[in-house]
Amino acid sequence: MSDALINGLAGAGGGIIAQLITYPLQTVNTRQQTDRNSKKEKQKLRTIEQMYQVVRQEGWDRLYGGLAPSLVGTAASQGVYYYFYQIFRNQAEIAALEGKKKGIGDGSVGMFSSLLAAALSGCVNVLLTNPIWVVVTRMQTHTKKSKGSHPEPAASDDAIVAVVEPPPFGTTHAIQEVYGEAGVCGFWKGVFPTLIMVSNPSIQFMLYETLLKKIRKRRASSNKGANDVTALEIFLLGAVAKLGATVVTYPLLVVKSRLQAKQVTGGDKRHQYKGTLDAIMKMIRYEGFYGFYKGMGTKIVQSVLAAAVLFMVKEELVRGARFLLIGTAASTVRSKPP
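Residues numbered from 1 in each chain as written. Predicted model: local features only at pLDDT ≥ 70, side-chain atom pairs only at ≥ 80, totals over all residues. Heavy atoms only, no water.

So, about the UniProt feature "transmembrane region" (unreviewed entry) in the chain. According to UniProt, the feature "transmembrane region" (unreviewed entry) maps to residues 109–128 and 291–313 in the numbering used here. Secondary structure across residues 291–313 comprises 78% helix and 0% strand; the distance between its end C-alpha atoms is 34 Å. (UniProt positions renumbered as here; feature names shortened; annotations may be inferred. Helix = DSSP H or I, 4+ residues; strand = E, 2+ residues; numbered from the N terminus.)

Tracing the sequence through the fold places K242 in helix α9 (residues 231–260). Separated by 58 residues in the primary sequence, K242 and I300 have C-alpha atoms spaced 8.3 Å apart. Not counting residues within four places of it along the chain, the set of residues in contact with K242 comprises N200, Q204, S303, V304 and A307. (Contact = heavy atoms within 4.5 Å.)

The subject of this paragraph is empty space enclosed by the protein. In this structure the tally under the stated criterion is two cavities of 30 Å³ or more. Within this model, the largest cavity holds a volume of roughly 1,100 Å³. Lining the largest cavity are 43 residues, and of these Q78, W133, K242, K256 and K299 lie nearest its centre. Counting residues per element, the lining of the largest cavity draws most heavily on helix α4 (residues 111–141), which supplies nine residues. Here the lining of the largest cavity is built from residues that sort into 16 nonpolar, 24 polar and three charged. (1 Å grid on protein atoms, 1.4 Å probe; cavity = no way out; pocket = protein on both sides within 12 Å on 5 of 7 lines; lining within 4 Å. Points joined across faces, edges and corners; volume = space filled by probe spheres on them. Nonpolar A, V, L, I, M, F, W, Y, C, P; charged D, E, K, R; others polar.)

Turning our eyes to something else, we now look at helix α1 (residues 3–33). Taking 1.5 Å as the rise per residue, α1 with 31 residues should run 45 Å; its terminal C-alpha atoms sit only 38 Å apart, a clear shortfall. At T22, α1 shows its largest bend, some 65°, and a proline, P24, comes one to four positions later. Most of α1 sits inside the fold, with 23 of its 31 residues counted as buried. (Expected span 1.5 Å × (residues − 1). Bend = angle between axes of the 7 residues up to and from the residue. Buried < 20%, exposed > 50% of the residue type's maximum accessible area, 1.4 Å probe, protein only.)

Before going further, it helps to examine the packing of aromatic side chains. Under the criterion given, the structure shown has eight aromatic pairs. Each ring, one from Y23 and one from Y64, has its centre 6.3 Å from the other, and the planes form 15°; the classification is stacked. On the criterion of sequence distance, the pair formed by Y23 in helix α1 and Y64 in the loop between α2 (47–58) and α3 (67–101) is long-range, its members being 41 residues apart. When its relative accessible area of 36% is taken as the criterion, Y64 is described as partly exposed. Consider the rings of Y83 and F84, whose centres lie 5.4 Å apart with planes at 90°: the pair is edge-to-face. Residue F84 is classed as partly exposed on the basis of its relative accessible area of 26%. By way of ring pairs, the aromatic residues Y81, Y82 and Y85 are connected into one cluster. (Phe/Tyr/Trp six-rings, centres within 6.5 Å; stacked < 30°, edge-to-face > 60°.)

By secondary structure assignment, the location of A174 is in helix α6 (residues 171–182). Distance in space between the C-alpha atoms of A174 and H142 is 9.2 Å, their sequence separation being 32 residues.

Another aspect to go through is the side chain of T22. Looking at where T22 falls in the secondary structure, it is placed in helix α1. A polar side-chain atom of T22 sits 2.9 Å from the main-chain carbonyl oxygen of A18. Among the polar contacts made by the side chain of T22, one reaches the side chain of Q302 at a distance of 3.4 Å. Setting aside chain neighbours within four positions, we find T22 in contact with Q302, L305 and A306. (Polar contact = N/O pair within 3.5 Å; in protein donor to acceptor, adjacent residues only side chain to side chain.)

Considered as a void within the structure, the largest pocket measures approximately 920 Å³ in volume. Broken down by secondary-structure element, the contributors of at least two residues to the lining of the largest pocket are α1, α3, α4, α8 (199–221) and α11 (296–335). With nine residues, the top contributor of residues to the lining of the largest pocket is α8. Looking at the lining of the largest pocket residue by residue, the class counts come to twelve nonpolar, eight polar and eleven charged.

Within the largest apolar cluster, 19 residues are counted, with the highest numbers of intra-cluster contacts made by Y85, F205, Y208, L212, I234 and F311. Contributing elements (two or more residues each) for this core: α3, α4, α8, α9 and α11. With six residues, α11 is the largest single contributor of residues to this core. In this view, F311 contacts Y82, Q204, F205, Y208, I234 and G238; residues no more than four positions away in its chain are not counted. Among the nonpolar cores identified, the runner-up in size contains eleven residues, and V254, L259, Y273 and M283 belong to it. (Core = buried A, V, L, I, M, F, W, Y, C linked by side-chain atoms within 4.5 Å.)

Considering the arrangement of structural elements, one finds N29 in helix α1. For N29, the contacting residues outside a window of four places in its chain are Y250, G295, T298 and K299.

Side chains carrying opposite charge are able to pair once their charged atoms draw close together. Applying the stated criterion across every chain yields a total of ten salt bridges. Of the charged contacts in the structure, one is a salt bridge between E93 and R89, with a shortest N-O distance of 3.6 Å. With a gap of four residues between them, E93 and R89 both fall in helix α3, about one helical turn apart. By relative accessible area, which is 16% here, R89 ends up buried. (Salt bridge = Lys/Arg side-chain N within 4 Å of Asp/Glu carboxyl O.)

Right under this line is the structure:
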């Protein structure tokens, strides 16, 4: 089994576990991002309070709306990303070693090469998996009527703008809705800001690998082994790296969610977006720069926690897979007759 395939499968496994743990936060965050309300006083609900409101008005299942396609998307995204990242990373390492032979560099992969490998991997991932995330966004932002026959007045003030449809609203309904609005092209809505957002994992991995490299180099110069990095340290490194990347790229994430959510047809044209630039201009005009940071606190908590879990689980899975493969190989060699 190739190293790229091991990393791809481990990344998929880590992504699924992180997704299961943080999904309710993702649902609330997506609703916060797609809220077109321009009045700041309407945004006083905290994340926990908003989660409670969703449960009270729509039921527990709405916090996990779109979970099934999201898990498929997470496995596909992480698998594709890590697979291609390892391939591009291997090429960068080969180029670095050849450069060292020619007297250029020290043979290690530099920050720019790591950034480029992450960016290329991100572009491939976005182009292949964007349709899945369009469907997930639709399912996360879909709202249904309150369980009571007479909903409370506050519900209409805080509810996300959406067309109420009778439950259940499943994956098939979301696919039909997207296709009915814009055909096949509708599944690539928001792809432009998402492509720009490959800088998020690029920055994340650049920070992560730079910090990890420094720790391993420090361990190598001490009594401990170069690879003696604990799961807790991996968790903290992943959290720090994701925090830095999220703060920089969050406005693009909001624009992407606005484009992928169900568009309001008719009525107020402030809520209708023709494309990325149109969405940006209308958000600046009607909501101000505040609109680009809606739900940022929730996203930081969710993304940092998810990234930390993902990195920790992935590294443990990679370590375990390599141990099993080496152990199996050694056992096979010993079993062969002389």
